[in-house]
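Coordinates in review
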Amino acid sequence: MNPTQQPDPIYDIVILGASGFTGKYVVREALKFLQTPSSPLKSLALAGRNSTRLTQSLQWAARPNPPPSSVDILTADTSDPDSLRRLCRQTKLILNCVGPFRIHGDPVVSACADSGCDYLDISGEPEFMERMEANYHERAEETGSLIVSACGFDSIPAELGLLFNAKQWETPSVPNQIEAYLSLESDKRIAGNFGTYESAVLGVANADKLKELRRSRPRRPRPSIHDPPAKGPTLENQKKIGLWALKLPSADAVVVRRTLTTLTEKPHGLPGLNESPEQIQKREAFWSSIKPAHFGVKITSKSLFGIFRYVTLGVSLGLLSKFSFGRWLLLKFPSVFSLGWFQKKGPSEEEVESATFKMWFIGRGYSEESLASQGNTKPDMEIITRISGPEIGYITTPITLVQCGLIILGQRESLVKGGVYTPGIVFGSTDIQQRLEDNGISFELISKSKPQA
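Presented here is a report on the structure given in the accompanying data block. On a predicted model such as this, the values are computed, not experimentally measured, just so you know.

Let's talk about the nonpolar core
With 120 residues, the main nonpolar core has Ile15, Leu120, Phe295 and Phe427 as its most contacted residues. When residues of this core are assigned to their parent elements, the largest contribution, 10 residues, is made by helix α16 (residues 392-411). Not counting residues within four places of it along the chain, the set of residues in contact with Ile15 comprises Val26, Val27, Ala30, Leu44, Ala45, Leu46, Ala47, Leu95 and Cys97. The next biggest cluster of nonpolar side chains, apart from the first, holds 7 residues, and it includes Ile241, Trp360, Ile362 and Ile384.

Some points on the pattern of salt bridges
A complete count under the given rule lists 24 salt bridges for this structure. Between Asp431 and Arg435 there is a salt bridge whose closest N-O contact spans 3.1 Å. For Asp431, a relative accessible area of 30% translates into the label partly exposed. Residues joined by salt bridges that share partners form a network here, namely Glu179, Glu236, Lys240, Lys298, Arg364 and Glu382.

As for the sheet that holds strand β12 (residues 381-390)
Strand pairing within a sheet occurs via backbone hydrogen bonds; the two strands may be parallel or antiparallel. Taken together, 7 strands build an open sheet; the order of strands is β8-β9-β10-β7-β11-β12-β14 and the sheet is mixed. Where the open sheet ends on each side, the last strands, each with one partner, are β8 (235-238) and β14 (442-449). Taken over all neighbouring pairs, the strand axes of this sheet differ in orientation by 25° on average, direction set aside. Where strand β11 (residues 356-366) meets β12, 10 bridges bridge the pair, whose relative direction is antiparallel. Bridging across to β12, Lys358 finds its partner in Ser388.

Things to note about the side chain of Ser301
The topology assignment puts Ser301 in strand β10 (residues 294-301). Separated by 3.0 Å, the side chain of Ser301 and the backbone oxygen of Ser303 make a polar contact.

Each value, and the rule that gives it
- Residues numbered from 1 in each chain as written.
- Predicted model: local features only at pLDDT ≥ 70, side-chain atom pairs only at ≥ 80, totals over all residues.
- Heavy atoms only, no water.
- Core = buried A, V, L, I, M, F, W, Y, C linked by side-chain atoms within 4.5 Å.
- Buried < 20%, exposed > 50% of the residue type's maximum accessible area, 1.4 Å probe, protein only.
- Helix = DSSP H or I, 4+ residues; strand = E, 2+ residues; numbered from the N terminus.
- Contact = heavy atoms within 4.5 Å.
- Salt bridge = Lys/Arg side-chain N within 4 Å of Asp/Glu carboxyl O.
- Pairing = 2+ DSSP bridges.
- Axes fitted to C-alpha atoms, helices over the stretch in contact; angles between N-to-C directions.
- Polar contact = N/O pair within 3.5 Å; in protein donor to acceptor, adjacent residues only side chain to side chain.

Note that all results are geometric; they support no functional claim without further evidence.
Written out as structure tokens, the structure is:
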């Protein structure tokens with residue numbers, strides 16, 4: 001190096017795609033923890049293609065205060081590998097908000113895996129996540145790059161909700177099935193994230209590629225769960241929570257299955273880089289208390305009209321995503337095909353602030369493990385838990401992403417060296433639940449039914 005040349009500055013976090021709809025909310029959340037006494041986040045930069053828009057995003061996120069002068073603006077483009085490699089050299093961790101990830105994500109993961117930079121994103125795209133694992137896991141293990149997708153609403157609440165419910169099954173009881181019921185609530189219009197909609201359109205269009213990818217990969221051991229429960233109805237009136245429910249082909253179920261598969265291979269979780277004996281004991285105790293279960297997700301509504309809207313969207317995606325003109329129609333007129341749920345301009349700030357979610361987890365299983373192995377024995381125990389929080393796409397997602405980032409910054413030595421993993425297996429045994437509770441997301445045990453005498 002030339003003696004007069006200064007090394008690139010090292011940032012704790014770079015938020016990539018910070019000027020997008022979700023990105024600016026992630027910036028707003030990150031600023032809450034920048035240079036505060038107990039936070040490991042001491043330096044932050046925003047990255048994207050347009051420095052003017054990034055500056056505007058920072059100004060929006062900082063209001064009513066002036067934007068902090070310590071936050072730098074960096075230029076990077078997912079179509080420019082050199083700019084991404086330069087970004088990776090300048091930071092410990094990239095928070096990637098640039099979707100759809102099947103289009104823009106691979107170059108960012110590749111740059112991180114090569115450089116050893118850690119990486120988190122908010123993807124809910126199964127093919128992208130599984131392809132990143134197939135293509136970059138071994139490289140990331142070598143370089144010490146920890147790569148974790150689905151750190152937003154897809155799939156932190158689902159993963160932590162499953163773990164929270166599973167922990168309630170004290171020995172000798174065992175769960176067999178845990179179903180999540182998602183309820184979106186607002187006193188204004190519930191508005192979806194257009195990026196999520198676009199990802200869904202492309203995901204349905206490329207469903208065959210995901211099947212092909214899975215067929216091409218070696219089979220991994222499956223978690224030991226007793227016989228799968230009978231397939232229930234597609235539409236269900238779930239009286240215990242007072243909602244109609246519709247089966248949802250969800251990324252959450254895919255991510256949870258991957259977590260449980262990794263847990264089958266590593267029953268005590270992932271060993272950290274430099275754990276203390278106390279940390280090892282805590283991690284092993286946590287994972288030994290988790291009993292795997294069949295998992296699925298259902299979307300709910302208080303009315304059948306709400307269910308009809310979900311059905312309309314599902315049918316539209318299924319019929320039109322398979323050919324190019326159909327995809328053009330879906331992406332050109334999202335409001336038409338989702339009956340107003342998705343719009344290109346995104347929700348207003350008032351609509352975001354008024355929305356909330358509840359995610360119920362209904363676990364069914366056996367009061368004695370011996371009952372489960374007898375066959376033809378109906379579950380005799382039920383545990384219901386719930387996670388509640390603010391709007392999912394622009395408030396909960398930034399909260400979960402930023403808290404995962406702060407754990408990486410502050411607890412890196414106790415996390416796995418590197419590799420491509422799901423959030424549940426990486427963060428499950430950390431203090432992530434307490435952190436979310438401290439930031440407006442609640443975990444509750446609703447009921448625990450005992451077997452009849």
